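Structure at a glance
Each chain, written out:
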Amino acid sequence: MELKKINEYTWEIPKQGEMRVPARIYTSSRLLENVKRDLTLRQAKNVACLRGIQRIAYVMPDAHQGYGFPIGGVAAFDMDAGVISPGGVGYDINCGVRLLKTDYSEKDIHEKRKELLAEIFREVPAGVGKGGITRLSRDVLKEVCIKGAEWAVENGYGSKEDLDRTEERGRMKEAEFSHLSHRAVERGIPQLGTLGAGNHFLEIQKVSHIYDQQVAQVFGIHAAGQILIMIHCGSRGLGHQVASDYIRLMENRFGFKGLPDRELIHAPIRSELGQEYYQSMSAAVNYAFSNRQMIAHWVRNVFEKIMGSSKGMDQIYDVCHNVAKFENHKIDGELKEVCIHRKGATRSFGPGREEIPSIYRSVGQPIIIPGSMGTASYILVGTSEAEELSFSSTAHGAGRVMSRHEALRRFRGEQIKRELESKGIELKSTSWKGVAEEASQAYKDIDEVVKVSHEVGIGKLVAKVTPVGVMKG
Amino acid sequence: MKQYEFIAHTADAKFRAFGRDLEEAFSNAALATASLMWDWKKVEKGTRCEIKVEGKDLKQLLCSFLEEIIYLLDSEMFLLGSVDKVKIKKKGNHFTLEALFKGDKYSDKYKIFGEVKAITYNEMEIKEDRPVTLQVVVDV
């Protein structure tokens, strides 16, 4: 495949064959080697062939092979001529990250960090087969799906200020419950308020380096050593089922002949099925917002119990990593509404965008990029250039480079726990196997991923954080 | 004959399931899927679930069939221990599958060590040779 180097961090697959637009990859020479080994580039090329795609099909620095769209894929579609695709959002709808600040320093919690982690582990349900709060009724689940984090706040989980600092204010208004299948509802009922498993985690972190003091201040990050809380989870079985359901419904309605990849299945945005998917996806997005809202509340409770206070534990932000949205972007010099798909990518709105909370509007939105288990995570800030460069999007994480199978062959969970402990990082997990699968060696170098984002200008470095305590689902 | 084997895949789990016929291969694919989450050999088989799924083609049928395992875990906490009486029928352009899952409700005596989020079409292959070989990538 022809791959043209544009500059040090930008490569392009020129428009060819069925492609309607070029595909552009933001990466480094080193990260590109991994990307070339799997189907990422071919998948990016497939996305560029879809009807109504605008400007360029983008691939973020942490990209790897996905289903239909690559993970790290960003694509915008014309509202009238374009399509919406469940494979462009992914199975874990609104898998995302929430970040809380604290007024505690590393020293303040040092003596109690084991106790804190153990108590969080008791309070936050995690792992497969673990139920959430007492069995919900269908009516309550409906409210959760319609109102998202607002439902959680109304029911005593957290505060209104949390909503101000959540993407979409924690609620996508287009959500419609009646389109969810019986199965999606059945899977959603027992899992509300659970962390899940796989790559999902909850970390007690400390600020280890501040790159941009001024922006960090605005975000509430004041000094190295400050303790933060990061929560990474999604919409659980409900969201997975919405994705599977709509892939099947669209297949049955439109057929899949001629599609290079069956998960590229899509529907016109304005079609009945396209709208139904968008409304169901929005319901799953809301479920995930509510999930993280509840978990954040429990973490605050734990700090109150163990440390005596949860004062100052304000939410910095909550971002989606897997989502489709209607947003205004400049296309050929004109502002127009498009349907943007971010699959394994974070929105990175720069200063001035009205969608971001007023407290951040002068600097840009916070971007939260979790690293792999036990490694650094980063806080970045959105930029105005990202609009032109990537429809205001950047990376979402480290991205795997090694299969879980291979990780299991090479690493032992117990060994990883010992290694982390020797670095002063506590670890609690529901599964040793899960720990081995998530070994940091199985992931791309997060430092390199955020460096590319910073250098390209699609998300600028603000602070680096490292874990003190890790709870893995 | 091997029931199934796992193959390296960067982000997810990929397996091949084998069988003397389509039914046996489907049944082994179900066990391979369960093996990513629990040890199906250790599950008691006191609970029965009758399964009925449909598909526009064999791939969709396989997807729907394997999805039952995740759905039953999430909604009923049912752990699959064995798959019996798999029957696949073709009616025109349409496939149906019936099977009997035997297993147990999740309790503390079982360990769940992984999560399967979804069954995908990615790199899915169905080869009706001898043995019948099914290749599946699941999102974990």
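Residues numbered from 1 in each chain as written. Chains lettered and ligands numbered in written order. Predicted model: local features only at pLDDT ≥ 70, side-chain atom pairs only at ≥ 80, totals over all residues.

Check the secondary structure of chain A and you find 16 helices and 19 strands. In terms of overall dimensions, chain A is globule-like: its C-alpha atoms have a radius of gyration of 21 Å, near the 23 Å expected for 473 residues. Restricting the contact set of chain A to residue pairs at least 6 apart, pairs at least 24 apart contribute 77%. (Helix = DSSP H or I, 4+ residues; strand = E, 2+ residues; numbered from the N terminus. Rg over C-alpha atoms; globule rule 2.2 N^0.38 Å. Contact = placed C-beta atoms within 7 Å.)

This part is about the sheet that holds strand 3 (residues 23–26) of chain A. Residues and elements named next belong to chain A. Read from one edge to the other, the open sheet built from seven strands follows the order 1-2-3-4-5-13-12, with strand pairing classed as mixed. Of all the strands in the sheet, the pair left with one neighbour each is strand 1 (4–7) and strand 12 (322–331). Neighbour to neighbour, the strand axes of the sheet diverge by 40° on average, direction disregarded. By the bridge criterion, four bridges tie strand 4 (residues 57–67) to strand 5 (residues 69–78) in an arrangement that is antiparallel. What sits directly across from tyrosine 67, in strand 5, is phenylalanine 69. Packing of helix 16 (residues 446–456) onto the sheet brings it into contact with strand 2 (10–13), strand 3 and strand 4, and relative to strand 4 it is tilted by some 150°. (Pairing = 2+ DSSP bridges. Axes fitted to C-alpha atoms, helices over the stretch in contact; angles between N-to-C directions.)

Once that is clear, we can look at the packing of helix 4 (residues 113–123) of chain A against helix 11 (residues 272–307) of chain A. All names here are of chain A. It is the contact of helix 4 with helix 11, at a shortest axis distance of 9 Å, that shows an interaxial angle of 140°. On the basis of the axis angle, helix 4 is oblique to helix 11. Considering only the axes of helix 4 and helix 11, their crossing is right-handed. Across the interface between the two elements, Glu115, Leu116, Glu119, Ile120 and Glu123 from helix 4 touch Trp298, Val299, Asn301, Val302, Lys305 and Ile306 from helix 11. Its residues assigned to classes, the contact of helix 4 with helix 11 comprises six nonpolar, one polar and four charged. (Parallel < 35°, antiparallel > 145°, perpendicular 65-115°, else oblique. Left-handed = near helix turned anticlockwise from the far one by under 90°. Nonpolar A, V, L, I, M, F, W, Y, C, P; charged D, E, K, R; others polar.)

Residue and element names in this part refer to chain B. Where strand 3 (residues 47–55) meets strand 5 (residues 94–105), nine bridges bridge the pair, whose relative direction is antiparallel. From the neighbouring strand, glycine 55 faces strand 5, where its bridge partner is phenylalanine 95. Sheet topology note: the strand 4 (residues 78–91)/strand 5 ladder contains eleven bridges and is antiparallel. Bridge assignment links valine 83 to a residue of strand 5, and that residue is phenylalanine 101. What sits between strand 4 and strand 5 in their antiparallel hairpin is a turn of two residues, with glycine 92 showing a positive phi close to 60°.

Before going further, it helps to spend a moment on the environment of A:Gln415. Along the chain, A:Gln415 falls in helix 14 (residues 413–422). Between the alpha carbons of A:Gln415 and A:Val435 there is a distance of 9.7 Å; along the sequence they are 20 residues apart.

Residues and elements named next belong to chain B. With 19 residues, helix 2 (residues 58–76) extends 26 Å between its outermost C-alpha atoms, agreeing within 8% with the 27 Å of an ideal straight helix rising 1.5 Å per residue. Of all the 19 residues making up helix 2, 14 are buried; the element is thus mostly covered by neighbouring parts of the structure. The first or second residue beyond helix 2 is methionine 77, which carries a positive phi of 55°. (Expected span 1.5 Å × (residues − 1). Buried ≥ 20, exposed ≤ 12 C-beta atoms within 10 Å, placed from the backbone.)

Another aspect to go through is the nonpolar core. Considering soluble globular proteins, one finds that nonpolar side chains tend to be buried as a cluster. Within the largest apolar cluster, 196 residues are counted, with the highest numbers of intra-cluster contacts made by A:Ile379 and B:Ala29. With 15 residues, the top contributor of residues to this core is helix 11 of chain A. In this structure, A:Ile379 is in contact with A:Phe219, A:Ile221, A:Pro366, A:Ile367, A:Ile368, A:Val462, A:Ala463 and A:Val465, ignoring residues within four places of it in sequence. (Core = buried A, V, L, I, M, F, W, Y, C linked by C-beta atoms within 7 Å.)

Let us now look at the interface of chain A and chain B. Each partner contributes residues to the interface: chain A has 36 residues there, and chain B has 27 residues. Listing elements by their share of the side of chain A that touches chain B, those giving two or more residues are strand 4, helix 8 (182–188), helix 10 (236–254), helix 13 (404–410) and helix 15 (432–437) of chain A. Broken down by class, the residue content of the side of chain A that touches chain B amounts to eight nonpolar, 15 polar and 13 charged.

Looking now at the sheet that holds strand 3 of chain B. Residues and elements named next belong to chain B. A sheet is described by the order of its strands in space; here three strands give the open sequence 3-5-4, paired in antiparallel fashion. Two strands bound the open sheet, and with one partner strand each, they are strand 3 and strand 4. Neighbour-to-neighbour, the strand axes of this sheet turn through a mean angle of 20°, independent of strand direction. Across the sheet, helix 2 is in contact with strand 3, strand 4 and strand 5; its angle to strand 3 comes to roughly 145°.

Moving on: the confidence of the model for chain B. In this model, chain B carries an average pLDDT of 94, and 100% of its residues clear a pLDDT of 70 or more. Confidence estimates for the predicted assembly give a pTM of 0.96 and an ipTM of 0.92. (pLDDT = per-residue confidence, 0-100.)

Residues and elements named next belong to chain A. Inspection of the secondary structure puts glycine 399 in the loop between strand 17 (393–394) and helix 13. Looking at glycine 399, the number of C-beta atoms within 10 Å reads 27, which means it is buried. Along the sequence, glycine 399 and aspartate 62 sit 337 residues apart, while their C-alpha atoms lie 5.2 Å from each other. Setting aside anything within four residues of it in sequence, one finds glycine 399 in contact with Asp62, Ala63, His64, Ile71, Gly72, Tyr443, Lys444 and Val449.

On to unusual backbone geometry, then. Here the residue pair B:Arg130 and B:Pro131 is connected by a cis peptide bond, since its omega of -5° sits within 30 degrees of zero. Tracing the backbone shows B:Pro131 in the loop between strand 7 (125–127) and strand 8 (132–139). Phi at A:Phe391 is positive, roughly 50°, even though this residue is not glycine. You can call A:Phe391 buried: it has 26 C-beta atoms within 10 Å. Non-glycine residue B:Met77 carries a positive phi angle of around 55°. Classification of B:Met77 by C-beta neighbours within 10 Å gives partly exposed; the count is 18.

Moving on to the pairing of strand 5 of chain A. Residues and elements named next belong to chain A. Most of strand 5 sits out of view: nine of its ten residues are buried. The hairpin formed by strand 4 and strand 5 contains one residue between the paired strands, and glycine 68 there has a positive phi angle of roughly 70°. Bridge count for strand 5 against strand 13 (residues 334–343) is six bridges, and the pairing is antiparallel. Within the sheet, the bridge partner assigned to aspartate 78 lies in strand 13 and is valine 338.

Another point: helix 10 of chain A. Residues and elements named next belong to chain A. Between its first and last C-alpha atoms helix 10 spans 28 Å; for 19 residues at 1.5 Å apiece the expected length is 27 Å, and the two agree. Of all the 19 residues making up helix 10, 14 are buried; the element is thus mostly covered by neighbouring parts of the structure. Among the residues trailing helix 10, glycine 255 stands out with phi positive, at a value near 75°.

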